[in-house]
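These are the residues of each chain, in order.
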Amino acid sequence: MPDRESDLDNFKIYSNTSSWGRDYVAAVCEDCDWNFLILPDLQTVHCPHCYKSTLKSIPEGEMELPYSRAPELVVPFQITLESMDDGIEKFSSKIPFAPKDMTSQNMRSRLCRLFLPMWLVDTEVQAQWWAEVGSNYKVVSHQAHYDDHRGGWSSREVEEGRIRWEPRLGRLGRNYHNISTPALEEDMIIKQEMGAFKLGEAVEYQVKEIENSFVRLPNRDTKDAWVEATPAIQTAAAEECRQAAGADHIRQFSWKPQYSNNNWTLMLLPLYTTYYLDAEKVAQPVFIHGQTGQIMGVRRASMKRGQRMSLIILVIAVLIFLLSIILAVASVALPILLVIGVLGFAIALLTAAGAVVPIAMVWQFNRRQKAGRSPYFT
Ligand SMILES: [Zn+2]
């Protein structure tokens, strides 16, 4: 993640968000360094990303907002609360001795709506292009084969699909609208962990779409984002050249584009964030994809619950042990009881050894989780 200094250098100067429909203030979490737009009355809330610190508003002038114009598109939240409950239950069911606090009721009561930014760029392109375009055609041939049972030689018709390639060149003048490109350094991790967003379901921005929500500010400037936008433009251009040539295929497309009038806007993507308290009362963030319900977060097993279970098993072992002693003493009167008593000792020993299992399970599970992915998108 780039440091804030270099972010500031790259961002243009903005002073207000009135075109967003509400006056937001910029806020920062000093723990995870994520920047947000929030409503002024939300300033005392915890960071909806790491849940470690409360957000601090950034005094005007200290950091310019990276975008003063209202976003162009918003992908709305789509998952139902029921499917969210199912997802949370599935998430916690994979944890042995899940923390007591990890219930869908708790996690739902702490839900935060967070929008992640994505850049959209419009551009005009003038270009010369070269490519090989291919047209499908069919070749009919005859194959002869010999069959004793069918009176010797016979032939049958075989149809084969082929492509005829020919070179083409041309000029192209086009406007491309809303080519999406990442506005966050963490974009790749988010996609890998939670899956992509269905951008086709975006609607026009209206302030009501982002009521009671946090908006994550871009940490990637448009110069960097442009580098990732151009391959998508080239792919779109190649497809258009194929169509213009009336061809079925295109390959080795190359071009010399000249871009002009780039216009940058934002699209917002929906993410729920919430948390649960682990056994040490530390908030562990959990992220829920606003369209698919896909969950990402660190699963922490509760050592306290593991220890309690170990203690219960140990108490059972002691009881079996005591019972075995009683049986051994009673065997003076009834010798057969000695066998049961000895068997009891063995069972007590095995049970006592088993008492270590819950603690070991929790320890190993938490260790594996720690070695795995990061709890945050960083
Ligand atoms: Zn944070």
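Residues numbered from 1 in each chain as written. Predicted model: local features only at pLDDT ≥ 70, side-chain atom pairs only at ≥ 80, totals over all residues. Heavy atoms only, no water.

**So, the environment of Phe253**
Counted only if it meets this: Where helices and strands are cited, they refer to DSSP runs of H or I of at least four residues and of E of at least two residues respectively, numbered from the N terminus. Contacts are assigned to residue pairs that have any heavy atoms within 4.5 Å of one another.
By the element assignment, Phe253 lies in strand 9 (residues 249–277). When near neighbours in sequence (up to four residues on either side) are disregarded, Phe253 contacts Trp129, Trp130, Ala131, Gln234, Ala237, Ala238 and Cys241.

**Quick notes on the packing of aromatic side chains**
For the record, the criterion: Aromatic rings from Phe, Tyr and Trp, with only the six-membered ring used for Trp, were paired whenever their centres fell within 6.5 Å, and each pair was classed as stacked if the ring planes differed by under 30 degrees, edge-to-face if by over 60, and tilted otherwise. Note on classification: 1.4 Å probe, protein chains only; a residue is buried when its accessible area is under 20% of the maximum for its type, exposed when over 50%, partly exposed between these limits. By definition, being over a ring means that NZ of Lys or CZ of Arg is both within 6 Å of the ring centre and within 35 degrees of the ring normal.
All chains considered together, the criterion is met by 12 aromatic pairs. Measuring from ring centre to ring centre gives 5.2 Å for Phe77 and Phe115, while their planes differ by 65°; the resulting arrangement is edge-to-face. Note that Phe77 is positioned in the loop between strand 4 (73–74) and helix 2 (81–93) and Phe115 in strand 5 (residues 112–147), a separation of 38 residues in sequence. Across this residue pair, the class does not change: Phe77 and Phe115 are buried. Its end group placed over the ring of Trp34, Arg216 keeps NZ or CZ at 4.1 Å from the ring centre. The ring of Trp165 is capped by Arg251, whose NZ or CZ atom sits 3.8 Å from the centre of that ring.

**Some details on helix 4 (residues 187–194)**
Stated precisely, the cut-off is as follows: Within this analysis, the arc is defined by the directions that extend from the helix axis to the C-beta atoms.
Those residues of helix 4 that sit buried are Asp187, Ile190, Glu193 and Met194. Mapping the buried residues of helix 4 onto a view down its axis gives an arc of 140°, with all of them on the same face. Along helix 4, the residues that are exposed and aim more than 90 degrees away from the buried face are Met188 and Gln192. Its buried side turned inward, helix 4 meets strand 5, strand 6 (152–182), strand 9, strand 10 (283–289) and strand 11 (295–297). Downstream of helix 4 by a residue or two, Gly195 has a phi angle that is positive, lying close to 85°.

**What about the packing of helix 6 (residues 303–330) against helix 7 (residues 336–354)?**
If you want to describe how two helices pack, look at the angle between their axes and the distance between the axes. The condition is simple: All axes here are fitted lines through C-alpha atoms, helices being fitted over the stretch that makes contact, and every angle between N-to-C directions spans 0 to 180 degrees. Geometric relationships in this document are graded by angle, where less than 35 degrees denotes roughly parallel, more than 145 denotes roughly antiparallel, 65 to 115 denotes roughly perpendicular, and other angles denote oblique. For any helix crossing, the convention is left-handed if the near helix is rotated counterclockwise from the far helix by under a right angle, and right-handed if that rotation is clockwise.
Two elements in contact, helix 6 and helix 7, have axes separated by 8 Å at closest approach and are oriented at 165°. Taken as axis vectors, helix 6 and helix 7 run roughly antiparallel relative to one another. Between helix 6 and helix 7 lies a crossing of left-handed hand. The segment helix 6 lies against helix 7, with Ile313, Leu314, Ile316, Ala317, Ile320, Phe321, Ser324, Ile325, Leu327, Ala328 and Ala330 engaging Leu337, Leu338, Ile340, Gly341, Gly344, Phe345, Ile347, Ala348, Thr351, Ala352 and Gly354.

**Side note on the environment of Ile313**
In this fold, Ile313 is placed in helix 6. Taking the C-alpha atoms as reference points, Ile313 and Pro358, separated by 45 residues in sequence, lie 9.4 Å from one another.

**A closer look at the nonpolar core**
Just so we agree on the cut-off: We define a nonpolar core as any set of buried Ala, Val, Leu, Ile, Met, Phe, Trp, Tyr and Cys residues linked to one another through side-chain atoms lying within 4.5 Å.
Counting 33 residues, the largest nonpolar core has Trp20, Ile210 and Ile288 as its most contacted members. Mapped onto this core, the elements with two or more residues apiece are strand 1 (25–28), helix 2, strand 9, strand 10 and helix 8 (356–371). When neighbours within four sequence positions are excluded, Ile288 is seen to be in contact with Ile79, Met84, Ile88, Leu111, Met194, Leu271, Tyr272, Thr274, Gly293, Gln294 and Ile295. Counting 28 residues, the second-largest nonpolar core is a separate cluster that includes Ala27, Tyr51, Leu120 and Ala283.

**With respect to the pattern of salt bridges**
Short version of the rule: Salt bridges are counted wherever a side-chain nitrogen of Lys or Arg sits within 4 Å of a carboxyl oxygen of Asp or Glu.
By the definition in use, this model includes 13 salt bridges. With a shortest N-O distance of 2.6 Å, Arg174 and Glu240 are connected by a salt bridge. Taken together, the positions of Arg174 in strand 6 and Glu240 in helix 5 (residues 222–244) put the pair 66 residues apart, joining distant regions of the chain. The class for Arg174 is partly exposed, based on a relative accessible area of 33%. For the salt bridge of Glu209 with Lys208, the shortest nitrogen-to-oxygen distance reads 3.7 Å. A relative accessible area of 55% places Lys208 in the exposed class.

**Observations regarding the pairing of strand 8 (residues 213–216)**
Quick reminder of the rule: In this description, strands pair whenever DSSP reports at least two bridges between them.
Burial of strand 8 is two-sided: the residues Ser213 and Val215 facing one way and the residues Phe214 and Arg216 facing the other way are all buried. Relative to strand 8, strand 2 (residues 35–38) is paired through 2 bridges, and the arrangement is antiparallel. Residue Leu37 lies in a different strand from strand 8, and its bridge partner there is Val215. Of the strand pairs in this sheet, strand 5 and strand 8 are connected by 3 bridges, and their pairing is parallel. Residue pairing across strands places Arg113 opposite Ser213, the latter belonging to strand 8.

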